[in-house]
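Remarks on the overall topology
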Amino acid sequence: MTVRTRIAPSPTGDPHVGTAYIALFNWCFARAHGGQFLLRIEDTDRARSTPESEGAIMDALRWLGLQWDEGPDVGGAVGPYRQSERSALYVRFAEQLVEEGKAFRCYRTAQELEALRVARRKAGNSVALKPSDLHLDDAEVQRRKVAGQPCVIRMQVPEDAGYCVIEDMLRGTIKLDWTMVDAQILLKSDGMPTYHLANVVDDHLMGISHVLRGEEWINSAPKHKLLYEYLGWDMPQLCHLPLLRNPDKSKLSKRKNPTGVFYYQRMGYLPEALVNYLGRMGWSMPDEREKFSLAEMLAEFDIQRVSLGGPVFDVEKLSWLNGLWMRDSLEADELADRLVDWAYNRDNLMRVLPHVRQRMQTLSDFAPLTAFLVAGELPLTESQFDDLNQERDVILRSLQFTLWRLEAQVDWTRDSLFAELKHLADALDLKLKAFLAPLFIAIAGSTASFSVVDAMALLGPDMSRARIRRAIEVLGGVSKKAAKRLERKYRTLHVD
RNA sequence: GACCCCAUCGUCUAGUCAGGUCCAGGACGUCAGGUUUUCAUCCUGAAAACAGGGGUUCGAAUCCCCUUGGGGUCGCCA
């Protein structure tokens, strides 16, 4: 049997290091067994998927050296590799399941579903909605159908207690309770499939032999197993990898940490070092060496060497490793090339120049004016904020509100950033200048700089957020209690 | 809360599947020294862990059970 694995990211935002992590193991597993590694774009969430994000994900994986054998850009025998282009397929299988009585149409409204869940929660334990919970009598179904109400297709699931047995390559036998499994939506009312249907259909049609994915999927494995049975297909081998963690051990999230691959690129990490570091998360070389290339990892790869404790993403160790790569594995001329590629290239200069031209009298003014753009962490001190003549609480509030607002920001352009910040300043009844002052220091290290929204646009979301977080820290941070108070106030502003 | 996963130094881990060679080894970080005109690099050293309790066994970090702790899932997101 040919080993075929895939990475199936959803193009809804910045490429995530977790995606790169899972991709790395899929890449290694496929290559180590002489198989293929595919890229499939799961863009079935029409509200959130963007072509920019898709492009960024491909750039990020390629940057790390995780090239795929088949994918939307390189093609392949079992394409298309973008789920939005395969919708007819999912509809067909969903209809087939309905005809065979293995799925059913559901006209329940969002409000009804919510009420049902509340009722179930109140009554007992599991909130999984079963086919019988969702049932409407024929007359009501007819009425809703005629009224043109939207409907979804849901899968039939066992209603009685009992266990579903899943075999995991690393964890062995896992028994999951059928009572926890709900009548999963397979086809959304917009005609697009959910992950569960699309993933089963595509994995089968694309000949995927092994599914290496995050631990977060364990609980939905019974649905997938059932779907394979319904469709009469063999299920691929499952392997659930541990989740990358924040220092507080929770699942790695952008709310607490920079999670974007490009943040690390911007911070000046080498792709060799980042992929090396990811390879050390939950995995080790037989001789325990810390520094290894992708090729070396591949040569020694054995999925059984994955350890299951969720590894904390430790930037300090990544930095040390990156230093090793820069010192030991790059000649001076290679390093020079890296620096040029990284920041000191013509495109980048052209991007930055419009913002600083007017402020320059000599060429030498350029470096100090723009140093903050290529810096990693700014050397901030508390006293820099003293000159603002604002109460510390006011400064912290401005920064915290800005951070919260920016965590929700999707459209990262100067104009929309400006609009959001202006809106916040107005809501707080602060002059824009006063509101922005602390942000200038957080982002550029000084109030004497070019437009802070332009700077944020150039720095990107992760870096901007990281700097604001850092400034809040330098100012002594926001206590849990204070955060609660601020959050209450923030909500009254209605800025989201 | 229910269900599932997990559990070795602060962090990443080796050792666990095939129990003894482990009063637990390496790495990051920390601390103390040394090399270097400073800093960094580099070198040497130190502190630092088998979550707890029961079993099984001549013998348990390793196998079993319970407890505790952490995490995940419970969406017309993936």
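Our subject in this report is the structure included herewith. (Residues numbered from 1 in each chain as written. Chains lettered and ligands numbered in written order. Predicted model: local features only at pLDDT ≥ 70, side-chain atom pairs only at ≥ 80, totals over all residues. Heavy atoms only, no water.)

Moving on: the packing of aromatic side chains. Using the criterion set out here, one finds 14 aromatic pairs in the structure. Seen in terms of ring centroids, Tyr 264 and Tyr 269 are 5.9 Å apart; in terms of plane orientation they differ by 55°. Their pairing is tilted. Residue Tyr 264 shares its accessibility class with Tyr 269, and that shared class is buried. Centre to centre, the rings of Trp 283 and Phe 292 are 6.0 Å apart; their planes meet at 75°, and the pair counts as edge-to-face. Among the aromatic side chains, those forming a connected cluster through ring pairs are Tyr 21, Phe 25, Trp 283, Phe 292 and Phe 301. In this structure, Lys 175 is placed above the aromatic ring of Tyr 163, and the distance from its NZ or CZ to the ring centre is 4.6 Å. Lys 291 extends its terminal NZ or CZ atom over the ring of Trp 325, reaching a point 4.4 Å from the ring centre. (Phe/Tyr/Trp six-rings, centres within 6.5 Å; stacked < 30°, edge-to-face > 60°. Buried < 20%, exposed > 50% of the residue type's maximum accessible area, 1.4 Å probe, protein only. Lys NZ or Arg CZ within 6 Å of the ring centre and 35° of its normal.)

Ranked by size, the top nonpolar core spans 102 residues in total, and within it Phe 25, Ile 303 and Leu 399 carry the most contacts. Take this core: its biggest share by element is 11 residues, from helix α1 (residues 17-32). Discounting residues that sit within four places of it in the chain, Ile 303 has contacts with Phe 25, Phe 29, Met 169, Leu 170, Leu 212, Cys 239 and Leu 241. Among the nonpolar cores identified, the runner-up in size contains 41 residues, and Leu 97, Val 152, Val 181 and Leu 226 belong to it. (Core = buried A, V, L, I, M, F, W, Y, C linked by side-chain atoms within 4.5 Å. Helix = DSSP H or I, 4+ residues; strand = E, 2+ residues; numbered from the N terminus. Contact = heavy atoms within 4.5 Å.)

What follows deals with the protein's contact with RNA strand B. RNA strand B sits among 48 residues. The nearest are Glu 42, Arg 171, Lys 188, Gly 282 and Glu 288. Separating a base nitrogen of RNA strand B from a side-chain N or O atom of Glu 288 is a distance of 2.3 Å. Only β6 (172-177) and α12 (315-328) provide two or more residues apiece to the surface near RNA strand B. The leading source of residues in the surface near RNA strand B is α12, at four residues. For the surface near RNA strand B, the class distribution of residues is 15 nonpolar, 12 polar and 21 charged. (Near = heavy atom within 4 Å. Polar contact = N/O pair within 3.5 Å; in protein donor to acceptor, adjacent residues only side chain to side chain. Nonpolar A, V, L, I, M, F, W, Y, C, P; charged D, E, K, R; others polar.)

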